[in-house]
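Okay, here's what each chain looks like letter by letter:
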Amino acid sequence: MTSDLIFYQFSRSKVERDDFRHFLDLYAPDKLPGGRRLREMMNRFVFCIEGWDNDPREIHLIPEIRRFYSAFHKTWPYWLYFCNLDVDTMRAMVACCLSSVNTMQVDGKTQMAVTFDTMAVLDFLKRDFVPMNLKCERAEMFEERIYDRSKAVFEYFGLPFEDKAHGPFSPAARQ
């Protein structure tokens, strides 16, 4: 079954106040369903921030947004489970949480390319697989689907993923 995406937009005033209460009223861990209904929520969320549309800076260079996404992530660390991997929003959100990111202008492109330290991203992901796996368990997912999601996350960030028989996130490694 294909489900629609869930777009959630934070206003500038909420970002400036680190206010994500409304989101938590809807999607706090104790508000989320279990089983099939939670499985259907995987890969469905797209987060947006309004109010900086005319700001020439890249999102990860705006201090208020960096602070907001860091605080939001500490409160709701389930991005690897819920965020849609077909768009770049989670990549930008993670970039906001990293201690440093680099940008470079690519010839012929109007947007800057964002690069970050691979080890910093791996450290971020390593911490976030625990909350992701908790949601997978609550969603009563089979090991194969958890493995597929883990692999998709690594591919989304352009990171190598070891094969199923030997990978650290393979079903055999979990036992």
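Here the structure is a predicted model, which means the values were calculated and not measured. (Residues numbered from 1 in each chain as written. Predicted model: local features only at pLDDT ≥ 70, side-chain atom pairs only at ≥ 80, totals over all residues. Heavy atoms only, no water.)

Can you walk me through the pairing of strand S1 (residues 6–10) in this structure?
Every other side chain in a regular strand lies on the same face of the sheet, so the side chains alternate between the two faces. Here S1 shows one buried face, formed by Ile6, Tyr8 and Phe10, and one open face, formed by Phe7 and Gln9. Bridging between S1 and strand S2 (residues 45–49) involves 5 bridges; their strand directions are parallel. Looking across to S2, one finds that Phe7 is bridged to Val46. (Buried < 20%, exposed > 50% of the residue type's maximum accessible area, 1.4 Å probe, protein only. Helix = DSSP H or I, 4+ residues; strand = E, 2+ residues; numbered from the N terminus. Pairing = 2+ DSSP bridges.)

Looking at this structure, I do not really get the pattern of salt bridges. What am I missing?
It is possible for side chains bearing opposite charge to pair when their charged atoms get close. One pass over the full model with this rule turns up 10 salt bridges. Among the salt bridges present, the one from Asp19 reaches Lys14, with a minimum N-O distance of 3.8 Å. Put simply, Asp18 and Arg67 hold a salt bridge, and the shortest N to O gap is 3.4 Å. Separated by 49 residues along the polypeptide, Asp18 in the loop between helix H1 (12–16) and helix H2 (21–27) and Arg67 in helix H4 (residues 63–75) bring together distant segments of the chain. The class for Asp18 is partly exposed, based on a relative accessible area of 26%. Using a relative accessible area of 39% as the deciding quantity, one classes Arg67 as partly exposed. (Salt bridge = Lys/Arg side-chain N within 4 Å of Asp/Glu carboxyl O.)

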